[in-house]
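Single-letter residue listing:
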Amino acid sequence: MHYRFRIFRPATSALSSIYEAFKVNNGLDMYTMPYRQTICALTDAAPEVLQHLELTAHQPVIMMKRYTHDEQGQVIEYIETWKRLESFYIEIRTPDKGAG
């Protein structure tokens, strides 16, 4: 299955994110789609990654990969993020189900 997305955003639009544009224009709520995310600390990042982060060889970096899937399990979004270790923070919570 292939998706065609409209991401048209006029200058007067109140849309605040590409996810909101997907929901308004295509009926696809990316915030509720299943995903898998991995987070890994590495000391052997590629030279171009080190250059962009202004690091030298063997300095630790955080690599995060996120795969978002549609209802059929097909990957519809892939995000790869690299971060300097000294600026990395992670907090994991369960979804808020309200008091009870």
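Above this text is the structure in question.
Here the residue numbering is sequential within each chain, running from 1 through the sequence in written order. Restriction of local features to residues with pLDDT of at least 70 applies here, the model being predicted, together with a cutoff of 80 or more for giving and counting side-chain atom pairs; totals for whole chains, interfaces and linings are based on all residues. To get the side-chain values, take all heavy atoms of the structure and skip hydrogens and water.

### Considering the layout of surface pockets
What counts is decided by this rule: Here a cavity is any set of points on a 1 Å grid over the protein atoms alone where a 1.4 Å probe fits but cannot get out, and a pocket is any open set with protein on both sides within 12 Å along at least 5 of 7 lines; a residue lines the site when it has an atom within 4 Å of a point. Grid points are joined across faces, edges and corners, and a volume is the space filled by probe spheres set on the points. Classes in brief: Ala, Val, Leu, Ile, Met, Phe, Trp, Tyr, Cys and Pro nonpolar; Asp, Glu, Lys and Arg charged; the others, Gly included, polar.
Estimates place the volume of the largest pocket at around 220 Å³. Residue classes in the lining of the largest pocket are distributed as 5 nonpolar, 1 polar and 2 charged.

### Structural notes on the sheet that holds strand E3 (residues 75-84)
Condition: Between any two strands, pairing holds if DSSP finds at least two bridges. Secondary structure elements follow DSSP: runs of H or I of four or more residues count as helices, runs of E of two or more count as strands, with numbering from the N terminus. As a rule, the C-alpha atoms of each element are fitted with a line to give its axis, helices using only the stretch in contact, and angles between N-to-C directions run from 0 to 180 degrees.
Across the sheet, 3 strands lie side by side as E1-E2-E3; this open sheet has antiparallel pairing. Every interior strand has two partners, whereas the edge strands, strand E1 (35-42) and E3, have only one. Each neighbouring strand pair of the sheet contributes to a mean axis angle of 10°, computed without reference to strand direction. One ladder, built from 9 bridges, connects strand E2 (residues 61-69) with E3; its direction is antiparallel. Paired with Val61 across the bridge in E3 is Arg84.

### Description of the pattern of salt bridges
Rules: Whenever Lys or Arg places a side-chain nitrogen within 4 Å of a carboxyl oxygen from Asp or Glu, that contact is recorded as a salt bridge. Buried means the residue's accessible area, taken with a 1.4 Å probe over protein chains only, is under 20% of the maximum for its type, while exposed means over 50%, and partly exposed covers the values in between.
This structure, assessed with the given rule, holds 3 salt bridges. With its nearest N and O atoms 2.4 Å apart, the salt bridge here joins Glu91 to Arg93. Taking the relative accessible area as the measure of exposure, Glu91 reaches 43% and is therefore partly exposed. A relative accessible area of 68% places Arg93 in the exposed class.

### Examining helix H1 (residues 18-26)
Heads up, the rule is: Directions pointing from the helix axis toward each C-beta atom define the arc. We call two residues in contact when some of their heavy atoms are within 4.5 Å. Here a polar contact is recorded for every N or O atom pair within 3.5 Å, except that within protein the pair must consist of a potential hydrogen donor and a potential acceptor, and residues adjacent in sequence are included only if both atoms are side-chain atoms.
For H1, the full list of buried residues reads Tyr19, Ala21 and Phe22. Down the axis, H1 shows its buried residues gathered within 160° of arc, on one side only. Looking at the buried side of H1, the elements it contacts are E3. A distance of 3.4 Å separates the backbone nitrogen of Tyr19 from a side-chain oxygen at the start of H1, and that oxygen is part of Ser17. Phi turns positive one or two residues past the end of H1, at Gly27, with a value near 70°.

### Comments concerning the nonpolar core
Our working rule: To form a nonpolar core, buried Ala, Val, Leu, Ile, Met, Phe, Trp, Tyr and Cys residues must be joined to one another through side-chain atoms within 4.5 Å.
Leu42, Ala45, Val49, Leu50, Leu53, Leu55, Val61 and Met63 together form the largest nonpolar core, which totals 8 residues. Excluding anything up to four places from it in sequence, Leu50 contacts Ala45, Leu55, Thr56, Ala57, Gln59 and Val61. One finds Tyr19, Leu28, Met30 and Met33 within the second-largest nonpolar core, a separate group that totals 6 residues.

### Considering the packing of aromatic side chains
To keep it simple, the criterion reads: For Phe, Tyr and Trp, rings pair up if their centres lie within 6.5 Å, where Trp contributes its six-membered ring, and each pair is then called stacked (planes under 30 degrees apart), edge-to-face (over 60) or tilted (otherwise). Criterion for a charge above a ring: Lys NZ or Arg CZ within 6 Å of the ring centre, and within 35 degrees of the ring normal.
This structure, assessed with the given rule, holds 2 aromatic pairs. Relative to Tyr31, the ring of Tyr19 lies with its centre 5.0 Å away and its plane at 70°, an arrangement referred to as edge-to-face. A residue pair is termed long-range when its members are at least 10 positions apart, and Tyr19 in helix H1 and Tyr31 in the loop between H1 and E1 qualify at 12 residues. By relative accessible area, Tyr19 is classed as buried at 13%. Positioned over the ring face of Tyr35 is Arg66, at 3.6 Å from the centre of the ring.

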